[in-house]
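# A look at the structure
In case you want the letters, here they are:
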Amino acid sequence: MKLQCQVEVINRLYVSHNITSNGKYLKSTLAIGKEPKLGTDYFILHFSSVNKTGMKYQVKCIKQVFVKCMNEGKATIRFEEPPHDLCIKCETIQLKCFMKLLKCCITGEAKNLPISSLSNISVTAKDNEPKKIVIHNRSEFPMQGLPRTLESLYLSGLKLCNFRRDILLLKRLVILDLSNNEIEKIPSEFGRMPCLSELYLSNNQLGAKGQVDWRWLLGPQISKQLKLLDISSNKLLYLPKAIWKLQSLLTLKLDDNKLQKLPATLGRISSLRYLTISNNELGSLPCSLMQCRLEFIDLSSNKFHESSTGPKLQKYTPWEFYINNLVHMAAKLLLKNKVYYAPNIIPWTLVELLDNANMCICGAPVLNDKFYIHKEFELKDYFRAVAFNNNRSSSVNFECYVCSPKCLSYFRNS
Ligand SMILES: [Zn+2]
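The paragraphs below set out a description of the structure included in this document. Everything numeric in this text was worked out from a predicted model, so none of it was measured. (Residues numbered from 1 in each chain as written. Predicted model: local features only at pLDDT ≥ 70, side-chain atom pairs only at ≥ 80, totals over all residues. Heavy atoms only, no water.)

### Focus: the environment of Asn325
- Along the chain, Asn325 turns up in the loop between helix 4 (318-322) and helix 5 (326-336).
- Between the C-alpha atom of Asn325 and that of Leu367, which follows or precedes it by 42 residues, the distance is 9.8 Å.
- A distance of 3.2 Å separates a polar side-chain atom of Asn325 from the backbone nitrogen of Val327. (Helix = DSSP H or I, 4+ residues; strand = E, 2+ residues; numbered from the N terminus. Polar contact = N/O pair within 3.5 Å; in protein donor to acceptor, adjacent residues only side chain to side chain.)

So, in structure tokens, the structure goes:
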């Protein structure tokens, strides 16, 4: 068994000679094992950041074990030889398990327990490379900087005003929690984080100054990896059209912002399953959303039934809807066949045109940006689970684009 803990080693010999120890708890690993040949002799191995080869203590040399403060996650093991006291600080349940096993070794009840031979215990320096750090207080930031080995980093509630740039160096980071801070801006380089899968930015100040820099969303790495994005409780007035670039996104949380409209491209995120937009100012939804196979959508506390119904169909002539110029027709075909495009192949203006394409209610691409109509649809017909707090019905206005005469007549007749 291995125990990840903090250990201070006190040499009683020094203490008796009035040499005080430096009183430092070091990040450590303790392991119990047995001697490979003599199956009855047990050892405790102590590895720490300053002693990576490990110090071996014989269980039979234990003089005393102090467990009075075990409920606070503290214990001390006193050895006769060498005259060391190992003061341990650790998570309580793990410490109790460790001590229970140690007791079995001392009393000889451990014969039937699966304790690995000493030679098999592979406690390496790796155990001391942290993968997860939770910081509750600004003073807890490691002096030597954030370890590059981190996979999860929790920096919630620290009143951070700026995005810490040392986060950009953590190339193995998978989970980043920056919620409950005062961050206004995410640097564009953040889009190059290669492994980031969950990003928590709720309760920050994004959008507090109006314009938001969304360039990080366009980073090729982040757009492939990100599965969860929580930007609830910020000051967002709008979302960028480029949000659909997050092609692995499963969960998107947008609650408690000031969004009046969602980008018409949102439905192009085909992986999206959980979408929460409660407490915003939405009056309609983009019809592209109907193409998403959402498991859950929360639209409670918005303004769906307050606003006017939007432009009427009669206002437009059919050709304004779906008869386009040659560039638009070509672009439509490109999108329909999912042909790969990038700024190094075609001009940037065309990339922009393709990126910003809207979607017809049938799912086909629509290049026109101007002409749309509002139509009410029943949410429950399209999404598996809906949270909606309007007693009358769960039908809301969708902002619909039309791709063809066929779709137009569908609108006219339904
Ligand atoms: Zn259509």
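### Some points on the coordination of the zinc ion
- Protein-derived coordination of the zinc ion comes from Cys360 (SG), Cys362 (SG), Cys403 (SG) and Cys407 (SG), at a distance range of 2.2 to 2.3 Å.
- Around the zinc ion, the four donor atoms sit at angles spanning 106 to 113°, and that spread fits a shape best called tetrahedral.
- Site description for the zinc ion: donor spacing in sequence, C-x1-C-x40-C-x3-C.
- Residue classification places Cys360 among the buried positions, given a relative accessible area of 0%. (Donors = N, O, S within 2.8 Å, 3.2 Å for Na, K, Ca; no water. Tetrahedral: all angles 85-135°; square planar, octahedral: opposite > 155°, others 65-115°. Buried < 20%, exposed > 50% of the residue type's maximum accessible area, 1.4 Å probe, protein only.)

### A look at the packing of aromatic side chains
- Evaluation of the coordinates by the stated rule reveals seven aromatic pairs.
- Residues Phe163 and Phe190 carry aromatic rings whose centres are separated by 5.1 Å and whose planes lie at 70° to one another, so their mutual orientation is edge-to-face. Within this pair, whereas Phe163 is found in the loop between strand 9 (152-154) and strand 10 (175-177), its partner Phe190 is found in the loop between strand 10 and strand 11 (198-200), the two being separated by 27 residues in sequence. The two residues Phe163 and Phe190 agree in class, both being buried.
- Summarising the aromatic geometry, the rings of Phe377 and Tyr382 are spaced 5.7 Å apart at their centres and angled 90° between planes, so their arrangement reads as edge-to-face.
- An aromatic cluster is present here, built from Phe163, Phe190, Trp214 and Trp216 joined pairwise through their rings.
- Its guanidinium or amino end placed over the ring of Phe43, Lys56 lies 4.5 Å from that ring's centre, counting from NZ or CZ.
- Over the aromatic face of Trp244 sits the side chain of Arg268, whose NZ or CZ is 3.8 Å from the ring centroid. (Phe/Tyr/Trp six-rings, centres within 6.5 Å; stacked < 30°, edge-to-face > 60°. Lys NZ or Arg CZ within 6 Å of the ring centre and 35° of its normal.)

### Observations regarding the sheet that holds strand 13 (residues 251-253)
- Read across the sheet, nine strands follow the order 8-9-10-11-12-13-14-16-20 without closing on themselves; strand pairing throughout is parallel. In the strand order of this sheet, the two ends are held by strand 8 (132-134) and strand 20 (385-387), each with one partner. Taken pair by pair, the neighbouring strands of this sheet meet at an average axis angle of 5°, ignoring direction. (Pairing = 2+ DSSP bridges. Axes fitted to C-alpha atoms, helices over the stretch in contact; angles between N-to-C directions.)

### Focus: the pattern of salt bridges
- A full pass over the atoms with the stated rule returns ten salt bridges.
- Across the pair Asp85 and Arg78 runs a salt bridge whose closest N-O atoms are separated by 2.9 Å.
- For Arg78, a relative accessible area of 23% gives the class partly exposed.
- In this structure, Glu184 engages Lys209 in a salt bridge whose closest nitrogen and oxygen atoms are separated by 3.1 Å. Residue Glu184 is found in the loop between strand 10 and strand 11, and its partner Lys209 is found in the loop between strand 11 and helix 3 (220-225); the two are separated by 25 residues along the sequence.
- Overall, the relative accessible area of 34% leaves Glu184 in the partly exposed class.
- Take Lys209: its relative accessible area is 66%, and that puts it in the exposed class.
- Salt bridges sharing partners connect three or more residues here, namely Arg12, Arg78 and Asp85. (Salt bridge = Lys/Arg side-chain N within 4 Å of Asp/Glu carboxyl O.)

### Overview of the nonpolar core
- In terms of nonpolar packing, the biggest core is built from 84 residues, with Leu153, Ile167, Phe190, Leu275 and Leu285 touching the most fellow members.
- Elements with a minimum of two residues in this core: helix 5, helix 6 (348-355), strand 19 (373-378), strand 21 (395-400) and helix 7 (405-413).
- Setting aside anything within four residues of it in sequence, one finds Leu285 in contact with Leu262, Leu299, Phe304, Leu379, Val396, Asn397, Phe398 and Glu399.
- Core analysis: the second largest hydrophobic core is formed by 23 residues, Leu3, Ile62, Leu86 and Ile88 among them. (Core = buried A, V, L, I, M, F, W, Y, C linked by side-chain atoms within 4.5 Å. Contact = heavy atoms within 4.5 Å.)

### Thoughts on the pairing of strand 19
- Burial along strand 19 is one-sided: Ile373, Lys375 and Phe377 are buried, while His374, Glu376 and Glu378, pointing the other way, are not.
- Across six bridges, strand 19 lies against strand 21 in antiparallel orientation. The residue bridging Lys375 from the neighbouring strand is Phe398, located in strand 21.

### A word on the side chain of Asp355
- With respect to the helices and strands, Asp355 occurs in helix 6.
- Residue Asp355 is classed as buried on the basis of its relative accessible area of 10%.
- For Asp355, the contacting residues outside a window of four places in its chain are Trp244, Lys245, Thr265, Arg268 and Tyr341.

### Here we look at unusual backbone geometry
- Following Glu81, the chain continues into Pro82 via a peptide bond in cis, with omega recorded as -10°.
- For Asn203, which is not a glycine, the phi torsion comes out positive at approximately 55°.
- One can find Asn203 in the loop between strand 11 and helix 3.
- Overall, the relative accessible area of 40% leaves Asn203 in the partly exposed class.
- Its identity is not glycine, yet Lys338 carries a phi of approximately 50°, on the positive side.
- With respect to the secondary-structure elements, Lys338 resides in the loop between helix 5 and helix 6.
- Look at Lys338 and you get exposed, because its relative accessible area is 74%.

### Examining the packing of helix 5 against helix 6
- The interhelical angle for the contact between helix 5 and helix 6, taken along N-to-C directions, is 65°, at an axis separation of 10 Å. Crossing geometry of helix 5 relative to helix 6 is assigned as right-handed. Counting all contacts with helix 5, which are made through Val327, His328, Ala331, Leu334 and Leu335, the residues of helix 6 involved are Leu350, Leu353 and Leu354.
- Per-class residue counts for the contact of helix 5 with helix 6 are seven nonpolar, one polar and no charged. (Left-handed = near helix turned anticlockwise from the far one by under 90°. Nonpolar A, V, L, I, M, F, W, Y, C, P; charged D, E, K, R; others polar.)

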